[in-house]
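Spelled out, the chains give:
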Amino acid sequence: MTDIASSPTPTPEAQPSAPAATIDPARQAQAKRYAGLRRVLSLVDLAVGAVALVVVLVLGLHLRLRDALTSAGLGGQPWPFVLIAAYAAVYILGYTVLTFPLAIYGGFVLPHRFGLSRQGFGGWLGDQGKGLLLSLLFGLAVVEVMYLLLAKQPLTWWLWVAGIALIFTVVLANLAPVLLLPLFYKLTPMPEGELRDRLLRMAERAHTQVRGVYVMNMSRKTSEGNAALMGLGNTRRIVVGDTIVQEYTPDEIEVVLAHELGHHVHADIWKGIAVQTALTLGGLALVNLALHAIVAHAGFGFHGLADIATLPVLLALFGIYGFVTGPLGNTYSRIIERQADQYALDMTRDPASFISAFNRLANQNLAQLDPNPIIEALFYDHPAVGKRIRHAEQWQAAHQTTRPVAPKP
Ligand SMILES: [Zn+2]
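On a predicted model such as this, the values are computed, not experimentally measured, just so you know.

K.L.:
Can you help me understand the overall build of the protein in this one?
P.N.:
The secondary structure content of the protein amounts to 14 helices and 4 strands. Expected size for 409 residues packed as a compact globule is a radius of gyration near 22 Å; at 24 Å, the protein falls within 12% of this value. The burial tally for the protein puts 28% of its 409 residues in the buried class. Residue pairs at least 24 apart in sequence account for 76% of intrachain contacts in the protein once pairs closer than 6 positions are excluded.

Set out below in structure tokens:
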């Protein structure tokens, strides 16, 4: 394992006396190479999925699989639940096997080569296994519900699916920090102390309350830093990686926490769910029209709208829709991230620590300061780090004031 050159050695305590971080040019050169490789990898991944779907449809494998599973007695009456589950499982597992070499390269080899990952192969494989089980669990549930609705409500199925997806998203957003995230990381409440007090004071000033601040033990698996606002209702919490808590100064951590508090104050999780639901609804409406047209075409060999053999058609349609609308979702995400940055600057009035924190983050995560603007527009769900730093510099110039150097009470 290679440690990252520019980060201070992790210590159990934050380092109040650490000097402000600056951008490490060597890390930026690495960041550029890393981003280039990742981009190629995601394009190859996309191409493999697309080609596989085309091959399945052109060779008629989707119909043959349905017929083979039916002949094997999985049809079932009055509704073929088992057939549908088996059919969908073949696709999920097939895709997993097909893209496994890419997953190893992108998820294990590359992060190790760039000194970002600290995880052994066994641990990584275990995480992949858990991910696959979750995909099967959620994927099969979605497919079962969708095909049942396609059979029972052929004209309005897509409205039902959108409604159920909304409920599911809300439940999942609520459960994620208590059920899903702990499958991969241990979460512990941030210990009482100056940091926690500072955040509680910020939350008080914002006339809001966060349910808790949790530290996530990322450092066992990665040298990268991250933080997030998670959960809904009684599970709402701010989660910070120990890779940030250990390596950033308290002023910098406060900026990070203020950014997450900004998401809370702006109700960004709810807004994100609303945007996601609108996008899903649009996609389902289009897929509904396309599916009716395709199934009406007698030559394609489908037994009707609820024929499970239409699954690869649905996957292709949703895939194209997701690819086309992805940049829309990313643009929205960059807007709310910029607002959270603005909130963090207004709340802490400490652009120097903001800039230092983001310099540190760029070094730590090999984040490119200024990627190609087209790449950023299409694929970045956060503004590029260079933009975020310039945002803070503009704030500083506009306010002509920094926080006094004297220690806070
Ligand atoms: Zn954010």
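K.L.:
How should unusual backbone geometry be read in this particular structure?
P.N.:
A negative phi angle is the norm for most residues apart from glycine, just as the trans form is the norm for most peptide bonds. Despite not being glycine, A267 shows a phi value in the positive range, around 55°. Tracing the chain through its elements places A267 in the loop between α9 (250-265) and α10 (268-296). For A267, a count of 12 C-beta atoms within 10 Å translates into the label exposed. The backbone phi angle of R349 is positive, close to 50°, even though this residue is not glycine.

K.L.:
Can you help me understand helix α1 (residues 25-59) in this one?
P.N.:
Along an α-helix, a turn takes 3.6 residues, which lines up residues three or four apart on a common side. For α1, which comprises 35 residues, the first-to-last C-alpha distance of 51 Å matches the rise-based estimate of 51 Å (1.5 Å per residue) to within 8%. Looking at α1, one finds that the buried residues are R27, Q30, A31, Y34 and V56. Structurally, α1 contributes buried residues whose contacts are with α2 (61-74), α11 (311-348) and α12 (351-365). The first or second residue beyond α1 is G60, which carries a positive phi of 75°.

K.L.:
I would appreciate a short explanation of the environment of Q246 in the present structure.
P.N.:
When you line up the elements, Q246 lands in the loop between α8 (242-245) and α9. When the 21 C-beta atoms within 10 Å are taken as the criterion, Q246 is described as buried. Between the C-alpha atoms of Q246 and D381, which are 135 residues apart in sequence, the distance is 26 Å.

K.L.:
Please clarify how the pairing of strand β4 (residues 237-241) should be interpreted in this entry.
P.N.:
Two faces make up the sheet, and in a regular strand the side chains alternate between them. Judged by how many residues are buried, β4 sits mostly within the fold: 5 of 5 residues are covered. By the alternation rule, side chains of β4 split into R237, V239 and G241 and I238 and V240, which are all buried. In this sheet, β4 lies alongside strand β3 (residues 227-230) in antiparallel orientation, the contact comprising 4 bridges. Bridge assignment links L229 to a residue of β4, and that residue is I238.

Thresholds applied
- Residues numbered from 1 in each chain as written.
- Predicted model: local features only at pLDDT ≥ 70, side-chain atom pairs only at ≥ 80, totals over all residues.
- Helix = DSSP H or I, 4+ residues; strand = E, 2+ residues; numbered from the N terminus.
- Rg over C-alpha atoms; globule rule 2.2 N^0.38 Å.
- Buried ≥ 20, exposed ≤ 12 C-beta atoms within 10 Å, placed from the backbone.
- Contact = placed C-beta atoms within 7 Å.
- Expected span 1.5 Å × (residues − 1).
- Pairing = 2+ DSSP bridges.

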